[in-house]
Amino acid sequence: MPSDLEGAMDALIHVFHRYSGKEGDKYKLNKGELKQLLNCELSDFLASQKDPRLVDKIMRDLDSNQDNEVDFNEFVVLVAALTVACNDFFEEQLKHKGK
Ligand SMILES: [Ca+2]
Ligand SMILES: [Ca+2]
């Protein structure tokens, strides 16, 4: 049985490859694949963002080597940033409860 963290890492890898393997380079997300991943896997996050150009923005921010694809290294930066944001929210909730 994997631990929670090992399971989360495994899930991250599998989710990435489920989308990256659809078109073109199997190990990278093009814009269409990134959009599908965001829509299906991060729909709560996207729903709170009204900007229709959000995918373009995310793509530009993530694509640090500027090859117009998001590889796994670039993808984990997004996940890490979102996780930090979620943790901030989680800690805020804990603080309110602790009073
Ligand atoms: Ca691909
Ligand atoms: Ca890239």
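These figures come from a predicted structure and were not determined experimentally.

### Focus on the overall build of the protein chain
Counting its secondary structure elements, the protein chain contains five helices and two strands. Across its three principal directions, the C-alpha atoms of the protein chain cover 50 × 40 × 25 Å. Expressed as a percentage of its 99 residues, the buried residues of the protein chain come to 25%. Considering only intrachain contacts with a sequence separation of at least 6, the fraction spanning at least 24 residues in the protein chain is 43%.

### Comments concerning the coordination of the calcium ion (ligand 1)
Bound to the calcium ion (ligand 1) on the protein side are Ser20 (O), Glu23 (O), Asp25 (O), Lys28 (O), Glu33 (OE) and Glu33 (OE), at distances that span 2.3 to 2.6 Å. Along the chain, the residues donating to the calcium ion (ligand 1) fall in the pattern S-x2-E-x1-D-x2-K-x4-E. Remark: Glu33 occurs in helix H2 (residues 31–41) and Ser20 occurs in helix H1 (residues 4–20); sequence separation between them is 13 residues. When sorted by exposure, Ser20 lands in the same class as Glu33, which is buried.

### A look at the UniProt feature "domain: EF-hand" (unreviewed entry) in the protein chain
This chain's UniProt record puts "domain: EF-hand" (unreviewed entry) on residues 50–85. Along residues 50–85, the helical share is 64% and the strand share 6%, with 18 Å between the first and last C-alpha atoms.

### Some points on the environment of Lys35
Structurally, Lys35 is set in helix H2. On the accessibility criterion, Lys35 (45% relative accessible area) is partly exposed. In this structure the C-alpha to C-alpha distance between Lys35 and Ile58, which are 23 residues apart in sequence, comes to 9.6 Å.

### Some remarks on the packing of aromatic side chains
By the definition in use, this model includes three aromatic pairs. Judged by centre distance (5.2 Å) and plane angle (85 degrees), the rings of Phe16 and Phe72 are edge-to-face. One end of the pair, Phe16, is in helix H1; the other, Phe72, is in helix H5 (residues 72–98), with 56 residues separating them in the sequence. On the accessibility criterion, Phe72 (24% relative accessible area) is partly exposed. A residue is classified by how much of its surface remains accessible, and Phe16, at 0% relative accessible area, is buried.

Thresholds applied
- Residues numbered from 1 in each chain as written.
- Chains lettered and ligands numbered in written order.
- Predicted model: local features only at pLDDT ≥ 70, side-chain atom pairs only at ≥ 80, totals over all residues.
- Heavy atoms only, no water.
- Helix = DSSP H or I, 4+ residues; strand = E, 2+ residues; numbered from the N terminus.
- Buried < 20%, exposed > 50% of the residue type's maximum accessible area, 1.4 Å probe, protein only.
- Contact = heavy atoms within 4.5 Å.
- Donors = N, O, S within 2.8 Å, 3.2 Å for Na, K, Ca; no water.
- UniProt positions renumbered as here; feature names shortened; annotations may be inferred.
- Phe/Tyr/Trp six-rings, centres within 6.5 Å; stacked < 30°, edge-to-face > 60°.

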